[in-house]
Structures are given as structure tokens and as C-alpha cells.
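Below are the chains, spelled out letter by letter.
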Amino acid sequence: MGRVRRTHRAGALVTLLGTLFLFQFLLLLGGAPSASAHSAVRDTDPREGSVLKTAPREVTMTFTESVGITDDSLRVLSPENRRVNAGDTEHVSGSSDKVRVRLRDDLPEGTFTVAWRVVSADSHPISGAFTFSIGEPSATTAAISAEPAVNPASGALYDIARYAAYAAVALLIGVTVFVLACRPPSTQPLRGLVRAGWWTLLGTTVVLVFLRGPYERGTGPSTLLDPELIGNTLTSRPGWALLARLVLLAGVAVFLVRTEAALRRPGPEEPAPAPASPPTTASAPASASAPTTASAPVSASRPTPAVLAVGGSLALALAGTWAVAEHASAGIQVPLAMTSTVLHLLAMAVWLGGLGALLTALHRSETPLPAASVHRFSRLAFGSVTVLVLTGVYQSWRGLGSFDAVFDTSYGRILVVKVCAVVLLLAAAAFSRRWTGRLTEMTRPSKTRVPEMAVSVSVAASDPTSVPTPVPPPVPTPGPTTAAPSPSSPSSSSPSAAGAGGGAGHRALRRSVLAEVVVGVAVLVITTVLTGTQPGRAELETAAAAESTASAAAGGPTASTTLIPFDVGTPGGHGKVQIVLEPGRVGENTVEAVVIGPDGGIATVPEIKLSFTLGAQKIGPIDAKLTDQGGYWGTRSLNLPLAGTWTMKVTVRTSDIDQVSETRQVKIAR
């Protein structure tokens, strides 16, 4: 009956966990592709919908984090749908989040379309398009595909493999740490979990290597074996991380084989040979015979420092293969973010993987799990939770950026749900710790003095040549002393009573650990959704950029024109200088300076100097480096890094010795 009951419990557990993982799978399939990317467009030059007087030399795009590109990541199409790129797409020098492509010199007037496709630092591909015009807007025949950045079939397979790898590494690291640190008397039920974790992680890593190319390029699974896509994957940062993971898994296999002794401690189904019991006399009771070692649990040995060092190094390196290829490798405070990500992943693996090992040992082990092993895991889990909380707080701050993003962004709202689930998980863990403490108290050796009669019987039983001396039973005394013993008396602390209490404690511990596992899987599901959501910091930046672009498209200023009178104090040495700053926003700007003489016509001067200073941020003066363009002075490479009210200083020289300087305030938008 006990085995049947355990089988039913195991079947119910498998069904419950399978239902939760199915829910996670449906979330993966039902997630919106547009929300899966963490990077977003911050700015473009030319801006979307802008109308330029002159043709730009290049198209530049700035993203919220570093992006990966290919030669044709930016494609600029003329109104006749012809490519006008003059070279390959490249990163702007010193900026991994800014890309550009140079254009031909003979661009016609009309509306141009920029189609772009990049891969964000967290390995998600994103794509889109925008338009700008030269001279005046026109009709365009450029056809831009409306297909999503990721092929639905390739995206679903890639996500399944990716999150299966997360579960596998948690199982592999968590169960191994449980065996080495908690030292259960029998590891037979846990060997299968270790093998399953290793093989699953190996298989998903190989699958990810082949799926990475179709996932990035937006093609279907039919291009899985395309040599060009595989080559691109193996030369990219995510591909290097996957290859490193395969090499590390080989090292993990060697480590597990070398520590086979720790993973093969015999359980009750593998009895150790028992020595022959000494003969007993007929007068000795059967229960007094020497116990055999067939049913005694084998004492667990502590892992050596070398085993801990090698195992810890392999675990750190495995976790690092996720950190170097995902969101932590880009943005602010990259070294600290990668360290936090590695610690967060390891703590998650030790806690949740260890919970799976603990639940398996409680349900499937023939030998009851000692309270000492449970107590060791309780302390290990407490440390893991502490690390999870500290690293989680930092990663939340890094992803949100401000308190407004907590409730104003999808990332913030999902994060609140995750925090609530973690609080519930901690409550379940508190119940487990309470039952662990009770089990420890139940199994603590009793300090009750052994009665003399029991000592006599024990001595007689241990010496078959001795003749037991009969001990007369005590004569009961009439009165209240013959009452039933109290629960606190030695007779109430019999082994049967302790065993009954221990069995109840183990059952309660199983239920609380099962609750932890269920809530833990729910936390993983929420985390899956969270990792596929744009961080609040990037979402707010994208919204601000979109608002600025919409303002410009709705008729907002796309250029700044300033007319400045000047007078050098000589006859005919006065007039006006007209300065056109386009688009008058953060980034590269085009400047045209025209001198209007006293008669209202265009005048020529030997030199015009122009500089910009942002006093509030202590930036500048930035020299515009104007050059004579034949009739006017100008430049196409004035870079203004911040929005705000800048002080523009213009110096007009009318002769070798006569010049005058004037200043004006000009607003630079985002």
C-alpha cells in the first residue's frame, strides 16, 4: 500500500508540473513578437518624416543599447525603389549602440525609405522602417515587408530550447549541489535527475546553435542547416557563448564521472555486506541481538576542497555563458551587471534545483531523509534566497531606471507580480524551515537517564556466557503513584512514538516542499515573461523619442533659423547674419550661415566663426568649424550631445582687422 500511495503522489506531482510547464509553453507561443526585444530605436538622423533642403551624406540610427549588425542592416531605398547605399552598414566609431551607412552623392529629390534590421545585445532581433524626404515629399514605390522581425515557427522553437536550457542548468547544478552539500544517505533517486539535466542542456545547446541563424534573419526552420547562417552564428557573440557551453559540458561530464563515488552512495536497495551476528542464548530476547548493517544508512562523506573548487568553477563558467550573450552585457555598469546575473542564475539553480532534489528524495527514497540533510539544505536555501533578493533588487533598478517605470511600463507591472510570487514562495519556504526545525528536535539524542533494569538486560544480552540475574519487579504502592505515566515521562518517549512523530513531520515537510516547487515553477513562468519584455528604462526612452518624432511629423520645428544683426563700427560694416541649424536637435546638425549686407543683398565676408556652449552642463564651447561653401559658410558635422538651451556665439570678420561677436540663445530638442 505504501508503494502504491507513493506512486500516486509521484504521478500527481508529474501531472502538476507538466501543467505548469504547458502553461509556460503557451505563454511563449502567445507572446507578442514586438515585445520580445529589449533594444529600441532612440533616435535617427535624418529624423523620421523630416524634409531636408540638401541630401545627407549618411543615415545614422541610435539604439537604447548596443546592437549587432550585418552588412545590409540598413537599406536606403530611393523613390524608385533603388538602393542608394554607398557602402556597408557599420558602427559609428566608439559607439556600439549607433550604426550608420553612407549614401551616394547624386541623390534625387523625393521621399526615401530606410529599412533596418539589427540584433539587440540580449540576442533578440528587431526591425523596422522610416522615411525622410529631400526637397519635398513625393510618392514612393519602395515596398517594405510587414512580416515580424522573427519567424513565428523559428521563434517558438528557439524560445522553447532557450528556456529548456534554463530548466536544465537549474536541475544539473541544483541537484549536484544538493548531493555534495546536503549528503543524503541514498543518491539513487537523484542520479536520473543529474543525467536528465546534463543531456537536456547538451541537446538544447546544440539545437540553439542551429536555430540561432534562422532566428536572427527572420527565416523559417527550413534554413536550419544553411551553411551561411551557421557560419554567421559561430562568429557572433551568442555563438561563441554556445560553443563555450558545449566545451564546459564536456568538463562537467568528466567532473561527474570523477565524483561518481559521491553520486553512488548505496541506499537500502544496495545493501552493504553485513558481518555475521554473534550467537545468542535461548534466554536472550530476539530484540537484544546485535543489529546488522544491512539497513543502516551509509554515512555521507564531505566533499574535498578540490571537488568544491572544480565544481564551483564549472558552475560559474556555465552561468557566465548566459551573462555574456544577454542583456547584462550591454547598457550601464556592464561588469557589475554581469556579475549580478551570474550570481542570480546560480542562486536560482541551487534553490529551485535543490527543491526538486529534496522533493524527489522525500517521495522516492526508501530510506527516510535524515533531518540533518534537510537542515543543511534549509541553510543553503536561505543563503540562495539572500543572493536572489540582493541581485534581484539591483537588476530591477537597472531595468527600470526610475520609480515611474514601476507602474507605467509593462516591465514594471510584471516585476510587481513576480515580487508578489516570490513573497509567496518565501512564505512556503518558512513553513519548510519550521518543519525542518521540528524534525531536528525529534531526532536529537535523548538525555534521559536509562533505568537500571534496562542496563541489566542489555548487559545480559551482550554477554551470552552470563546468566541473567532475575530482578524482582517493583511492588506497586497503593495510592496516586500508580496512575498512568504522564506524556513527559520516559515511557512516553518510546521509539514508536518518536517514529510516529517523525513520519508526521516528513509528511508535512513533503507538502510544504511541494508547495515551494509549485510556486517556484510559477516564478519561473513569470520570469520567462519578464525576460521577453522590454525593460522600463528602454520603454520610457522609446516613448520619449516617439513623442518627439510625432511632434516633428505633426508640424513641429525641424530647423532653427536665427537672424543676428551686427556692426563692426566701420562704414558699410554692418548687416545681419542668418544662421540655419537643421534639424535643431540632439545629434549631428547641418549649419548654414549667410551674411546679409546693408542693402539687403547677400554679402561675402573673409570669415565666420560659430560656437555653442551649454552652461548648465558645463559643455563647450563646441566649434562648428564653418567653411566657405561659395556664397555661404556651413558644415554638416556639428554634433550637439544634449538637449537644452545653448548659447550660440557668432563672430563675423569683415576685414583683416575688423570683426564683431554676438550671442543668442537657441533651443536644441531631443
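Thresholds, definitions, all that
- Residues numbered from 1 in each chain as written.
- Predicted model: local features only at pLDDT ≥ 70, side-chain atom pairs only at ≥ 80, totals over all residues.
- Heavy atoms only, no water.
- Helix = DSSP H or I, 4+ residues; strand = E, 2+ residues; numbered from the N terminus.
- Buried < 20%, exposed > 50% of the residue type's maximum accessible area, 1.4 Å probe, protein only.
- Contact = heavy atoms within 4.5 Å.
- Areas by Shrake-Rupley, 256 points an atom, 1.4 Å probe, with all protein chains shown as cover.
- Pairing = 2+ DSSP bridges.
- Phe/Tyr/Trp six-rings, centres within 6.5 Å; stacked < 30°, edge-to-face > 60°.
- Expected span 1.5 Å × (residues − 1).
- Polar contact = N/O pair within 3.5 Å; in protein donor to acceptor, adjacent residues only side chain to side chain.
- Axes fitted to C-alpha atoms, helices over the stretch in contact; angles between N-to-C directions.

Enquirer: When you look at the overall build of the protein chain in this model, what are you seeing that I'm missing?
Expert: When helices and strands are tallied, the protein chain shows 14 helices and 19 strands. Out of the 670 residues belonging to the protein chain, those deemed buried represent 41%. Sequence-distant contacts, at least 24 apart, represent 69% of the contacts inside the protein chain between residues at least 6 apart. For the protein chain, the accessible surface area stands at approximately 34,300 Å², while carbon and sulfur atoms represent 62% of it.

Enquirer: Please clarify how the pairing of strand 15 (residues 619-623) should be interpreted in this entry.
Expert: The side chains of a regular strand alternate, residue by residue, between the two faces of the sheet. Two strands pair when backbone bridges link them, and strand 14 (residues 607-614) and strand 15 are joined in this way by three bridges, in the antiparallel orientation. Counted as the bridge partner of L614 is I619 from strand 15.

Enquirer: Please clarify how the packing of aromatic side chains should be interpreted in this entry.
Expert: What describes a pair of aromatic rings is the distance from one ring centre to the other and the angle between the planes of the rings. Per the counting criterion, the structure on display carries seven aromatic pairs. Look at F112 and F132: their rings are 5.6 Å apart centre to centre, the planes differ by 10°, and that puts the pair in the stacked class. Separated by 20 residues along the polypeptide, F112 in strand 8 (residues 110-120) and F132 in strand 9 (residues 125-134) bring together distant segments of the chain. The exposure classification of F112 matches that of F132, with both residues buried. Between Y163 and Y166, the ring centres sit 5.9 Å apart and the planes meet at 20°, which makes this aromatic pair stacked. With Y163 and Y166 both in helix 2 (residues 152-182), this residue pair falls three residues apart, about one helical turn. Just as Y163 is buried, Y166 falls in that class too. One aromatic cluster is present, built from ring pairs that chain together Y163, Y166 and W322.

Enquirer: Where do I start with helix 2 in this structure?
Expert: Note that an α-helix has 3.6 residues per turn; residues three or four places apart therefore point the same way. With 31 residues, helix 2 should cover 45 Å at 1.5 Å per step; its first-to-last C-alpha distance of 44 Å lies within 8% of that length. Summarising burial for helix 2: 22 of the 31 residues are buried, a large majority. Between the side-chain oxygen at the start of helix 2 and the backbone nitrogen of A153 there is a gap of 3.0 Å, and the oxygen is on N151. Looking one or two residues past helix 2, R183 carries a phi angle of roughly 50°, positive in sign.

Enquirer: In this structure, what is going on with the sheet that holds strand 1 (residues 41-45)? I would like to understand it.
Expert: Either a parallel or an antiparallel arrangement is found when strands of a sheet pair, and the pairing is made through backbone hydrogen bonds. With antiparallel pairing, four strands are arranged side by side in an open sheet as 1-3-7-6. For this open sheet the edge positions go to strand 1 and strand 6 (90-91), each flanked by a neighbour on one side alone. One ladder, built from four bridges, connects strand 1 with strand 3 (residues 58-63); its direction is antiparallel. Looking across to strand 3, one finds that T44 is bridged to M61.

Enquirer: Help me understand the sheet that holds strand 18 (residues 644-653) in this model?
Expert: Ordered in space as 15-14-18-19, the four strands form an open sheet in which the pairing is antiparallel. The open sheet has two edge strands with one neighbour each: strand 15 and strand 19 (659-668). Mean inter-strand twist for the sheet, computed between neighbouring axes without regard to direction, equals 20°. Here strand 18 pairs with strand 19 via 10 bridges, running antiparallel. Paired with K649 across the strands is T663, a residue of strand 19.

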